[in-house]
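# Coordinate inspection notes
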Amino acid sequence: MLKTRLTEKLNIDAPILLAPMAFASGGALASAVTQAGGLGFIGGGYGDKDWLEQEFTAAGNAMVGCGFITWSLANQPELLTQALERSPKAIFLSFGDPELFVEQIKQAGALLICQVQTLRDAKHAIDAGADIIVAQGAEAGGHGEKRATFTLVPEVADYIAKTAPDVLLVAAGGIADGRGLAASLMLGADGVLVGSRFWAASEALVHPNMWQAAIDATGDDTLRSKIVDIVRSRDWPDRYTINLVENDFSKDWHGRESALKTDKVAQQTWNDALSAGNTAIANTFVGEATGLIHDVKPAWEIIDMMVSQAKICLRSYS
Ligand SMILES: Cc1cc2nc3c(=O)[nH]c(=O)nc-3n(C[C@H](O)[C@H](O)[C@H](O)COP(=O)(O)O)c2cc1C
């Protein structure tokens, strides 16, 4: 147990949230994180009605939240209604303007968590009514922008302390062990959001070859790129890139995005490789924390390790 404002607000034991990772954070992982003392989130991602139904069912009676990619949710707003019918603890919105959805989320009694990549967007999300801000640095797995966790978190913490002290702050991006948790608390966060480390939890929905590629990689091997959005025909706004482990495909195509857009064969090759778990072609989606991931283990062990290490770190300086 490690008490912070976040554990008090959410009534949990560890100030650790599971990132709602599209395709990887299913109901089994979300409920495992909650049962271990954190709060699990189902990764609603781009939005698939049947998948969402199935994963909420897999989460059983565990208290969980649900995340969506905001710009994509705007194309299928009915998915928010579907998620709210399952009485999630919180709705997690990232990558787009949350304003459109705030009223519905509040009326349903769920907390609103907004993940942001800039101070400007943090201000906007607070004005829109966010209960919790997640400040995401560029080290993060998945999509993001250029600000680093180490400066973005304290800058947002200062802003919140001055203008909206009831809003809570969570740090994200590169946090994979107790050192990252302790450092985040020192930077002014009330807790952490963890993606990459839980992506390598045994309950995650991930191809084992991808896990191996992440274990073999160091943080040096990651690259922020747009190529995998091009090959998957995901229409991401220009400002966002995604972190991935470099491989033969990215060495060939990163920097040649215009050519990739018209090369249907290369696109199909990548998508076939993803289904087959061929990591020389399909890129592994993980952040710089890949260099801190050396094994796949159950979510409870990850939480145990993070909390006990953080306590030692925090005690060392008291
Ligand atoms: C495989 C993967 C998929 C992700 N998908 C999403 C997503 O669908 N929605 C979202 O808000 N964030 C997504 N993220 C980003 C996380 O919310 C979070 O910011 C990030 O994982 C934190 O950094 P870390 O990976 O270093 O822990 C994803 C991250 C990963 C690793």
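This one's a predicted model, so the numbers in the text were calculated from it and none came from an experiment.

The next point concerns the overall build of the chain. Helix and strand counts for the chain stand at 16 helices and 11 strands. Taken over the C-alpha trace, the chain has a radius of gyration of 18 Å; the compact-globule value for 318 residues is 20 Å, and the two agree within 12%. In terms of its C-alpha atoms, the chain occupies a principal-axis envelope of roughly 50 × 45 × 40 Å. Looking at the chain as a whole, 50% of its 318 residues qualify as buried. Taking contacts inside the chain between residues at least 6 apart in sequence as the whole, the part at least 24 apart equals 64%.

Right, let's get into the domain arrangement of the chain. As assigned here, the chain comprises domain 1 (5-203 + 298-316) and domain 2 (208-288). The C-alpha-based centres of domain 1 and domain 2 are spaced at 24 Å. Of all elements in the fold, only strand S7 (142-144) and helix H10 (196-199) reach the threshold of two or more residues within the side of domain 1 that touches domain 2. It is S7 that provides the largest number of residues to the side of domain 1 that touches domain 2, a total of three residues. Considering only residue class, the side of domain 1 that touches domain 2 consists of six nonpolar, eight polar and two charged.

Among the nine residues of helix H9 (residues 178-186), seven are classified as buried, and the element is accordingly described as predominantly covered. For H9, the full list of buried residues reads Gly178, Gly180, Leu181, Ala182, Ala183, Ser184 and Leu185. Considering only its buried residues, H9 is in contact with helix H8 (149-163), strand S8 (168-172), strand S9 (191-194) and helix H16 (299-316).

The next subject is the sheet that holds strand S10 (residues 222-225). With respect to topology, three strands assemble into an open sheet ordered S7-S11-S10, the strand pairing being antiparallel. In the strand order of this sheet, the two ends are held by S7 and S10, each with one partner. Averaged over all neighbouring strand pairs, the angle between strand axes comes to 35°, with direction disregarded.

The next subject is the site of the ligand. Taken together, 29 residues sit near the ligand, with Ser94, Ala140, Gly141, Gly142 and Gly195 positioned nearest. Of all the elements in the fold, those that place two or more residues in the shell around the ligand are strand S3 (64-69), S9 and H10. Of the residues contributing to the shell around the ligand, the split by class is 15 nonpolar, 13 polar and one charged. Here the shell around the ligand gathers at least three residues from each of two domains, domain 1 (5-203 + 298-316) and domain 2 (208-288).

What follows is about the pairing of strand S2 (residues 40-43). Residues of S2 alternate between two faces, with Gly40 and Ile42 on one and Phe41 and Gly43 on the opposite face, all of them buried. Strand direction decides the pairing type here: S2 and S3, joined by four bridges, are parallel. Looking at S3, one finds that Phe41 is bridged to Gly65. As a crossover connection, the stretch from S2 through helix H3 (residues 49-59) into S3 is right-handed.

A few words on the nonpolar core. Ile133, Ala135, Val170 and Phe198 are the most contacted members of the largest nonpolar core, which totals 107 residues. Of all the elements, H16 adds the most residues to this core, at six residues. Split by domain, this core shows at least three residues from each of two domains, domain 1 (5-203 + 298-316) and domain 2 (208-288). Ala135 has contacts with Val116, Ala122, Leu152, Val153, Val156, Leu169, Ala171 and Ala172, leaving out every residue within four places of it along the chain.

For the pair H9 and H16, the least separation of the axes is 7 Å and the interaxial angle reads 55°. Judged by the inter-axis angle, H9 sits oblique to H16. Seen along the crossing, H9 lies across H16 with a hand that is right-handed. Of the residues in H16, those touching H9 at Gly178, Arg179, Leu181 and Ala182 are Met305, Met306, Val307, Ser308, Gln309, Ala310, Ile312, Cys313 and Leu314. Looking at the contact of H9 with H16, its residues break down into nine nonpolar, three polar and one charged.

Okay, helix H15 (residues 264-276) next. Taking 1.5 Å per residue as the helical rise, H15 with its 13 residues ought to reach 18 Å, and the 18 Å between its terminal C-alpha atoms agrees with that figure. Just downstream of H15 lies Gly277, where phi reads positive at about 70°.

Turning to the sheet that holds S8, a few remarks are in order. Across the sheet, which stays open at both edges, the eight strands sit in the order S1-S9-S8-S6-S5-S4-S3-S2 with parallel pairing between neighbours. At either margin of the open sheet sits one strand with a lone partner, and together these are strand S1 (16-18) and S2. The mean inter-strand angle of the sheet, taken between neighbouring strand axes irrespective of direction, is 25°. Taken together, the five bridges between strand S6 (residues 132-136) and S8 define a ladder with parallel strand orientation. Among the inter-strand pairings, Val134 is bridged to a residue of S8, identified as Val170.

Reading guide: rules and limits
- Residues numbered from 1 in each chain as written.
- Predicted model: local features only at pLDDT ≥ 70, side-chain atom pairs only at ≥ 80, totals over all residues.
- Helix = DSSP H or I, 4+ residues; strand = E, 2+ residues; numbered from the N terminus.
- Rg over C-alpha atoms; globule rule 2.2 N^0.38 Å.
- Buried ≥ 20, exposed ≤ 12 C-beta atoms within 10 Å, placed from the backbone.
- Contact = placed C-beta atoms within 7 Å.
- Domains from an automatic or database assignment.
- Nonpolar A, V, L, I, M, F, W, Y, C, P; charged D, E, K, R; others polar.
- Pairing = 2+ DSSP bridges.
- Axes fitted to C-alpha atoms, helices over the stretch in contact; angles between N-to-C directions.
- Near = placed C-beta within 6 Å.
- Right-handed = clockwise from strand over helix to strand, strands pointing away.
- Core = buried A, V, L, I, M, F, W, Y, C linked by C-beta atoms within 7 Å.
- Parallel < 35°, antiparallel > 145°, perpendicular 65-115°, else oblique.
- Left-handed = near helix turned anticlockwise from the far one by under 90°.
- Expected span 1.5 Å × (residues − 1).

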